[in-house]
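One letter stands for each residue in the lines below.
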Amino acid sequence: MVNGIRRKAHGGRRRADSIEPMAEVTVDGDVLRGEPPAFDADQAAAIADRHFGLLGTASGVGSERDQGFVICGPDGPVGVLKISNASEDPAVVDMEIAAALHVLAVDPSLPVAGPLPVVGADASAGRGAFVTMVEGPGGLAHLVRACTHMPGTASIDPPEIGPEAAFDYGVMVARLGRAMRSFFHPSAGRVLLWDVHHAAALRTLLDAIDDGDTRALLTRALDRFETSVLPRWSSLRSQVIHGDVTVDNALVDERGRITGIVDFGDMSHTALVCDLSSSIESLLVDRAFKDVVPIAMRVVDGYRSVTALEPDELDVLPDLIAARAATDAVLFGWRAALHRDNAYLQNWAEVLPLLGYLETEGRARLRDRLLPGGRISEGAALTERRTHAFGPALSPLTYDRPLHLVRGEGVWLIDADGVRFLDCYNNVPVVGHAHPRVTDAIARQSRLLNTNMRYLTDAPVELAERLVATMPAGSGLDTVLFVNSGSEANDTAWRLATAWTGGRGALVTRFAYHGVTESIAAISPEEWLATGRPDHVETFDPPDRYRDRDGDMPAALTAAAARLRGRGVDPAATFVDGGFTSDGIPVPPVDAVCALADRSHDAGALYVADEVQIGHGRGGDHLWSFAAQAVAADVVTLGKPMGNGHPVAALITRRDLTERFAATTEWFSTFGGNPVACAAALAVLDVIEDEQLIARAARVGPALRAALTEVQHGHDAVGDVRGIGMLTGVELVRDPVTKEPDPELTDAVTNGMRARGVLVGTTGQAGNVLKVRPPLAFGDEHIVLVAEALDATLQGLGR
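About the criteria used
- Residues numbered from 1 in each chain as written.
- Predicted model: local features only at pLDDT ≥ 70, side-chain atom pairs only at ≥ 80, totals over all residues.
- Heavy atoms only, no water.
- Axes fitted to C-alpha atoms, helices over the stretch in contact; angles between N-to-C directions.
- Helix = DSSP H or I, 4+ residues; strand = E, 2+ residues; numbered from the N terminus.
- Parallel < 35°, antiparallel > 145°, perpendicular 65-115°, else oblique.
- Left-handed = near helix turned anticlockwise from the far one by under 90°.
- Contact = heavy atoms within 4.5 Å.
- Nonpolar A, V, L, I, M, F, W, Y, C, P; charged D, E, K, R; others polar.
- Buried < 20%, exposed > 50% of the residue type's maximum accessible area, 1.4 Å probe, protein only.
- Pairing = 2+ DSSP bridges.

The next thing to look at is the packing of helix 5 (residues 273-284) against helix 7 (residues 311-338). Put simply, helix 5 and helix 7 touch, their axes get as near as 8 Å, and they point 55 degrees apart. With respect to each other, helix 5 and helix 7 are oriented oblique. Taken as a pair, helix 5 and helix 7 cross one another with a handedness that is right-handed. Mapping the contact onto sequence places V273, C274, L276, S277, S278, I280, E281 and L284 in helix 5 and E313, L317, L320, I321, R324, A325 and D328 in helix 7. In the contact of helix 5 with helix 7, the residues fall into nine nonpolar, two polar and four charged.

Dropping the structure here:
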């Protein structure tokens, strides 16, 4: 039904027709073969007046198989009359009326033409109150109904609808789909050839297409649909959909924006994404090829501003658009052959250029836009491209056979061949790769708002309050600054320290790592390589209990501070990673770590507890290692795990430090504390609490070390197994007596374990300590996999 100005000859391609059975398309007596009713304008006006109280003149509008009339009174249109084809199924008409009423009840603001009741109808008749039957020319009975008149026109060529109007199309389709979520009707299960799910049935109609090249093009489109889409159909979301919010069935204003949704005749229960593909296809006909993908993406953008699309839906969408175009061509080409005097059907071939373009390049280009970064390249070629793109400064790929990863799931990483690797290395996804609560929080907030902290939003305030609440009672750690990385957090801590103390010297452990900014790389011995120690930095050694070097670490810090002063440099800050991760995970005594803060304060320096690697419960005793070690920290820095991989970091400090800092500068991080990052961080805190991950680290970490100690008993090359919580170091040596580090063996073991499906890293100044640092989702069931991989690798190496 059309509810506006008569459409052009290319219009009307979207008439819904039920054809059964699907496998054997029959045409005798069905609505596809039948001619539309033949009422004249005076008869239509009389019917509208008598049955619906619509008084006025009737003006016919184009229709494929029915008749539609706009009824105009003295002051303009008062309604629209629709007279159905005599072959129309009454149950389908009932479904159309029911759907319109349902949509208007769920979302009254949608511009849907509302059904009008029959004059004098009994309200108890339900939907029967909106339809009546009349006898037409030739004595055939026709169902008749009426609806409200909607403003706008359907006389518009697709290219006239620009990007913003295309976005609006997507919004309307999504809103309509949402409104129909809870709708069902038995007739929705009909087999409808406009529903591309049944595209296979179109093959029996291809003989009506005279041109061989055209038949071949259409056949290829149907072949691709059957091989690429149909096998995945059952995995796509499905519901009753409108199926026909297109340029021929939607009324628009002068800007091309939808003002009226009319005609529910193409409804069926099918894949939800078909609602989108039919709209997109209608907007792409007659477009310049350069505009096809941009316009399609604007419709998609509008749709997912309301309803998110699943990856499978995005992946099949280009093929669905092509299948819809093929459906257009086949059904209208077939009908045009049956009714050669019907000009309404004769322009069916206008869709063929679009279909050809989709086949040659448009489909691939659209898929790249729909799933950016989703392409999986050949590994060797990708490695070469990586080298060319990033140059020699970037750290090399891990392992002799680099991993080409495409997905993560809990403690598992999956490569391009579908091989699963147990991730015992990455601390960043602290609650597990792709944790659904974290990814959902990021996606949900991204769809709402992402901005900076010069505007008032709830998430950063809530996150700051949550973080402060986790600080030890009486610590004075009551103020939070948000940044985007652990390096930035430590850089800001350094600026706070220098502003507070007036000093410029740093104290760090022998092989510490604290970040990549210029200031922080300078106090990260792991980063020095050939540059050597800067003059404003001194180091101190953690104890090496494996080699019976239980040196006095606090005294070593005091001595390091004295060396700085001897060079005329006053200490500003001591930076300590509470897991001593880069130093080889030596696990010094807790009282020695606690004393470091006191000795730092004695030296006039602040103590910065770097929780980037050990924080968020990895230590197994508390959310933060410094709290478990009773360290009187002045600044606490957080990074990588805070957002489970999403860029977010923070430092927590005392108010007086920030007041001194504020007196010297106005501090601001453009996207530090943005609501998306904060949503991720809040979700991480929730997951740690709800899944009791701190307790898991306390239980599973020691159990893992016990299993690895059993492996140690069979291999002299394993010198020591040590750690805290879910952070474990396995030191490999050339000889158990001399305890000489064996970095070559360590490198071979990491590669051997990788070959056996377990990923670990290396650490320590000599590079001879296996770093086993899995996400906290690591459980008891994973322990044996690590132990067996280490044991088998050492056996394979003859060690």
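Right, let's get into the pairing of strand 15 (residues 505-509). Of all five residues in strand 15, five are buried; the element is thus mostly enclosed. Side-chain alternation along strand 15 places G505, L507 and T509 on one buried face and A506 and V508 on a second face that is also buried. Alignment of strand 15 against strand 16 (residues 537-540), held across four bridges, turns out to be parallel. Note on strand 16: the bridge partner recorded for V508 is T539.

Strand order in the open sheet formed by four strands is 21-22-25-24, with antiparallel pairing between adjacent strands. Because the sheet does not close on itself, it has two edges, and the strands there are strand 21 (718-724) and strand 24 (761-763). In this sheet, neighbouring strand axes are inclined to one another by 30 degrees on average, regardless of whether the strands run parallel or antiparallel. As judged from the six bridges shared by strand 21 and strand 22 (residues 727-732), these two strands associate in the antiparallel manner.

Here we come to the sheet that holds strand 11 (residues 405-409). Spatial ordering of the open sheet is given by 11-12-13-23, a layout of four strands whose pairing is mixed. Of all the strands in the sheet, the pair left with one neighbour each is strand 11 and strand 23 (758-759). Where strand 12 (residues 412-415) lies against strand 13 (residues 420-423), three bridges are found, and the strand directions are antiparallel. Bridge pairing in strand 13 links I414 to R420.

Pairs of packed helices are described in terms of their axes, by the angle between the two and the distance that separates them. Where helix 4 (residues 212-229) contacts helix 7, the two axes come as close as 9 Å, and the packing angle between them is 140 degrees. Looking at the two axes, helix 4 sits oblique to helix 7. For the element pair helix 4 and helix 7, the recorded crossing hand is left-handed. For the pair helix 4 and helix 7, contact is made by L218, A221, L222, R224, F225, S228 and V229 and by V316, D319, L320, A323, A326, A329 and V330, respectively.

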